[in-house]
Amino acid sequence: MGSEWLAIFMFVGFFLILMSGYPVAFSFAGTAIIFGLIGMTVGAFNPARLLLLANSWFGTMSNFTLLAIPFFVFLGAVLEKSGLAEELLETVGMVFSRLRGGIALAVVIVGTVLAATTGVVAATVIVMGMLSLPVMLRYGYDKKLAAGVIVASGTLAQLIPPSLVLVILSDQIGVSVGDLFLGALIPGLMLSGSYILYILGLAFFQPEKVPSIPADVEIPQGTKLLKKVIKAVVPPVILIFAILGSIFFGIATPTEAGAVGAVGACILAAFNKRLTPQLIRDSAHSTAVITALVVMILFCSAMFSLVFDALGGKGLITDLLTSLPGGYWGFVIVSNLAIFALGVFLEFMEICFIAMPLFVPAAQALNIDMVWFGVVMAINLQTAFISPPVGFSLFYLQSVAPKEVSTFDIHKSAIPFMVLQFIVLLIVINFPQTVRWLIDISATTGT
């Protein structure tokens, strides 16, 4: 087998260190250093290869696509910390308040809008959990439905552009982030639409689970409600169209659109008299923390990848994946199962840097459409993100849920929405045109 046995032990050792709770970046770097030294000792690793790290790191820092990360994170931070996201949820809730299941519908719609602006799951789940869960419980909503719709809708930020997941995935699988944004849009809206259909179905067949707001509760109507909608809902929607529309029509790259979005969020905050030096400082701090985390993981994963490849690990994994029974479909099934299993225990960022470098060579060898593959992986990650017992969105909601909503309630609430996500995943796998359609239209428009 040669040095491949070292690569196997390297990967297992890395995973064990990671599962012990050690930071992912240092797990990458520490494992690379240890097994690099072992490889040098047994003559399986040439230390001269380390000279390639400088080129790899320089390439990372000069990657124009990755510049979109701080822009989109800053955009989301401004909307969250300025209270504009809260006002959006309250206003949409008023619009649907008299419908049976109206608050749940408002949560899905706002979750979709926030996903298309913030791109950050934790912020969306926590904001909607704090604002809408107590309200739904007060008006008699089923606890499991109320928790489930928040968890599922908040996690749409994993998939709907401008998603941080898609930006990082684009770098890891080597495709245009613009194409990935366009490819993920329809599947993301399919997920959102499936949640809406589920709520409407409950309203028809099990109305006791999704009551309407009592008539004696005062809700703004007419001109007063229209003014609130124009103030709270229309500007974020315009911002979404400015970001995604500029990408779709080829007016701006995703990075340039992210810069426009960041400025647009500040303009919205200023328009609502909430743009303060403290808001800018807090948003910039959040952006710096997340961006530094991404860059650190990128640097350390490059070191891990270099040593792992030198020991023959990537070649071994590629050979295994391309020789699976069933060929194309065997790879699709195994890769999806692997990503789902990892998604139960790990954050999306860790999975992108661990699994994608292993899957990409095999996918390319099998002539798989890499944009479609990236979107399928993103949907799978979204499903894993809400799966019991350790889905991260479940813990985000648990941190702000009222006492009457137990951990068991929150975990059980995710199951119907996982089923919906699996259905959408199967549709996207079997009908790649759900991913390719907007990309092909955009290419035609551009020519």
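In case you missed it, the structure is sitting above this.
This write-up is about the structure you can find in this document. Every chain is numbered independently, its residues counted from 1 as its sequence is written. With the structure being a predicted model, the display of local features is reserved for residues of pLDDT at least 70 and the display and counting of side-chain atom pairs for 80 or more, all residues being used for whole-chain, interface and lining totals. In computing side-chain properties, one takes all heavy atoms of the structure into account and sets aside hydrogens as well as water.

## A few points about the packing of helix H5 (residues 84-95) against helix H6 (residues 102-115)
Heads up, the condition is: To get an axis, fit a line to the C-alpha atoms, keeping to the stretch in contact for a helix; angles then go from 0 to 180 degrees between the N-to-C directions. We count a stretch as a helix when DSSP gives it H or I for four or more residues in a row; a strand needs E for two or more, and each element gets its number in order from the N terminus. By the definition used in this description, the sense in which the near helix is turned from the far one sets the handedness, with an anticlockwise turn below a right angle giving left-handed and a clockwise turn giving right-handed. Contact definition: two residues touch when any of their heavy atoms are within 4.5 Å.
Running from amino to carboxyl end, H5 crosses H6 at an angle of 145°, the nearest separation of the two axes being 9 Å. Handedness of the H5/H6 crossing: right-handed. On the side of H5, the interface is formed by Ala85, Leu88, Leu89, Val92 and Gly93, while H6 contributes Ala106, Val107, Ile109, Val110, Val113 and Leu114.

## Looking at the pattern of salt bridges
Under the convention used in this document: Salt bridges, as used here, are contacts in which a Lys or Arg side-chain nitrogen is within 4 Å of a carboxyl oxygen on Asp or Glu. Partly exposed describes any residue whose relative accessible area lies between the buried limit of under 20% and the exposed limit of over 50%, with all areas from a 1.4 Å probe on protein chains only and scaled to the type maximum.
Enumeration over the complete set of coordinates arrives at four salt bridges. Salt-bridge contacts for lysine 143 lead to aspartate 409; the nearest nitrogen and oxygen are separated by 3.4 Å. With lysine 143 in helix H8 (residues 143-154) and aspartate 409 in helix H21 (residues 407-430), this pair connects stretches of sequence that are 266 residues apart. The exposure class assigned to aspartate 409 is buried, which follows from its relative accessible area of 7%. The closest approach of N and O atoms between lysine 144 and aspartate 409, which form a salt bridge, is 3.7 Å. Here aspartate 409 lies in helix H21 and lysine 144 lies in helix H8, a separation of 265 residues in the sequence. Judged by its relative accessible area of 28%, lysine 144 is partly exposed. A single salt-bridge network, built from bridges that share partners, covers Lys143, Lys144 and Asp409.

## Side note on the nonpolar core
Using the following cut-off: Remark: nonpolar core denotes a set of buried residues (Ala, Val, Leu, Ile, Met, Phe, Trp, Tyr, Cys) joined through side-chain atoms within 4.5 Å.
Within the largest apolar cluster, 153 residues are counted, with the highest numbers of intra-cluster contacts made by Phe28, Met136, Val149, Ile168, Met356, Trp372 and Phe373. Among the elements that take part in this core, helix H14 (residues 277-310) stands out by supplying 12 residues, more than any other. Setting aside its immediate chain neighbours within four residues, isoleucine 168 contacts Ile69, Val294, Phe348, Met349, Cys352 and Phe353.

## Looking at helix H2 (residues 24-41)
The cut-off we apply is this: Expected helix span is taken as 1.5 Å per residue step, with the number of steps being one fewer than the number of residues.
Over its 18 residues, H2 extends 26 Å from the first C-alpha to the last, a length consistent with the 26 Å expected when each residue adds 1.5 Å. Turning to H2, its buried residues number three or more, namely Val24, Ala25, Ser27, Phe28, Ala29, Thr31, Ala32, Phe35, Gly36 and Gly39. Summarising the contacts, the buried residues of H2 are in contact with helix H1 (4-19), H14 and helix H17 (348-354). One or two residues past the end of H2 sits glycine 43, with phi positive at roughly 80°.

## Section: helix H10 (residues 177-205)
The following threshold applies: Whenever two N or O atoms come within 3.5 Å, that pair is a polar contact, provided that in protein one can donate a hydrogen and the other can accept it, and provided that, for residues adjacent in sequence, both atoms are side-chain atoms.
Along its 29 residues, H10 runs 42 Å from first to last C-alpha, staying within 8% of the 42 Å computed at 1.5 Å per residue. The residue sitting at the N-terminus of H10 and contributing the capping side-chain oxygen is serine 176; that oxygen lies 3.1 Å from the backbone nitrogen of glycine 178.

## So, the packing of aromatic side chains
Spelled out, the test is: Here a pair means two rings of Phe, Tyr or Trp (six-membered ring of Trp) with centres within 6.5 Å. Their orientation is stacked below 30 degrees between planes, edge-to-face above 60, and tilted elsewhere.
Summed over all chains, the structure comprises 16 aromatic pairs. Between phenylalanine 304 and phenylalanine 308 the ring centres are 5.7 Å apart and the planes differ by 15°, which places this aromatic pair in the stacked class. Residue phenylalanine 304 and its partner phenylalanine 308 are both found in helix H14; the two are separated by four residues, about one turn of the helix. An identical accessibility class is assigned to phenylalanine 304 and phenylalanine 308; each is buried. Each ring, one from phenylalanine 331 and one from phenylalanine 359, has its centre 6.1 Å from the other, and the planes form 85°; the classification is edge-to-face. Of this pair, phenylalanine 331 sits in helix H16 (residues 328-345) while phenylalanine 359 sits in helix H18 (residues 356-365); the two residues are 28 residues apart in sequence, bridging distant segments of the chain. Across this residue pair, the class does not change: phenylalanine 331 and phenylalanine 359 are buried.

## Things to note about a nonpolar patch on the surface
Let me state the cut-off plainly: Surface patches are drawn from residues lacking salt bridges whose relative accessible area is over 30%; two like charges belong together within 9 Å, two nonpolar side chains (Val, Leu, Ile, Met, Phe, Trp, Tyr) within 5 Å. Using the Shrake-Rupley algorithm and a 1.4 Å probe, accessible areas are obtained, with residue cover drawn only from the displayed protein chains.
Together, Ile415, Val419, Ile423, Ile427 and Phe431 give the surface a local cluster of nonpolar side chains, amounting to about 420 Å² of exposed area. Locating valine 419 in the fold gives a position in helix H21.

## Quick look at empty space enclosed by the protein
Using the following cut-off: With a 1 Å grid spanning the protein atoms alone, the term cavity applies to any set of points in which a 1.4 Å probe fits but cannot get out, the term pocket to an open set with protein on both sides within 12 Å along at least five of seven lines, and the term lining residue to any residue with an atom within 4 Å of a point. Grid points are joined across faces, edges and corners, and a volume is the space filled by probe spheres set on the points. In this count, Pro and Cys sit with the nonpolar residues alongside Ala, Val, Leu, Ile, Met, Phe, Trp and Tyr, while Asp, Glu, Lys and Arg are called charged and the others, Gly among them, polar.
Applying the stated criterion to the full structure yields four cavities of 30 Å³ or more. Every residue lining the largest cavity is listed: Phe11, Phe14, Phe28, Ser301, Phe304, Ser305, Phe308, Lys314, Phe353, Ile354, Pro357 and Leu358. Contributions of two or more residues to the lining of the largest cavity are made by H1, H14, H17 and H18. With four residues, H14 is the single largest residue contributor to the lining of the largest cavity. Across the lining of the largest cavity, the residue classes break down as nine nonpolar, two polar and one charged. Considered as a void within the structure, the second largest cavity measures approximately 60 Å³ in volume. Of all the elements, H5 adds the most residues to the lining of the second largest cavity, at three residues. Residues of the lining of the second largest cavity, tallied by class, amount to six nonpolar, one polar and two charged.

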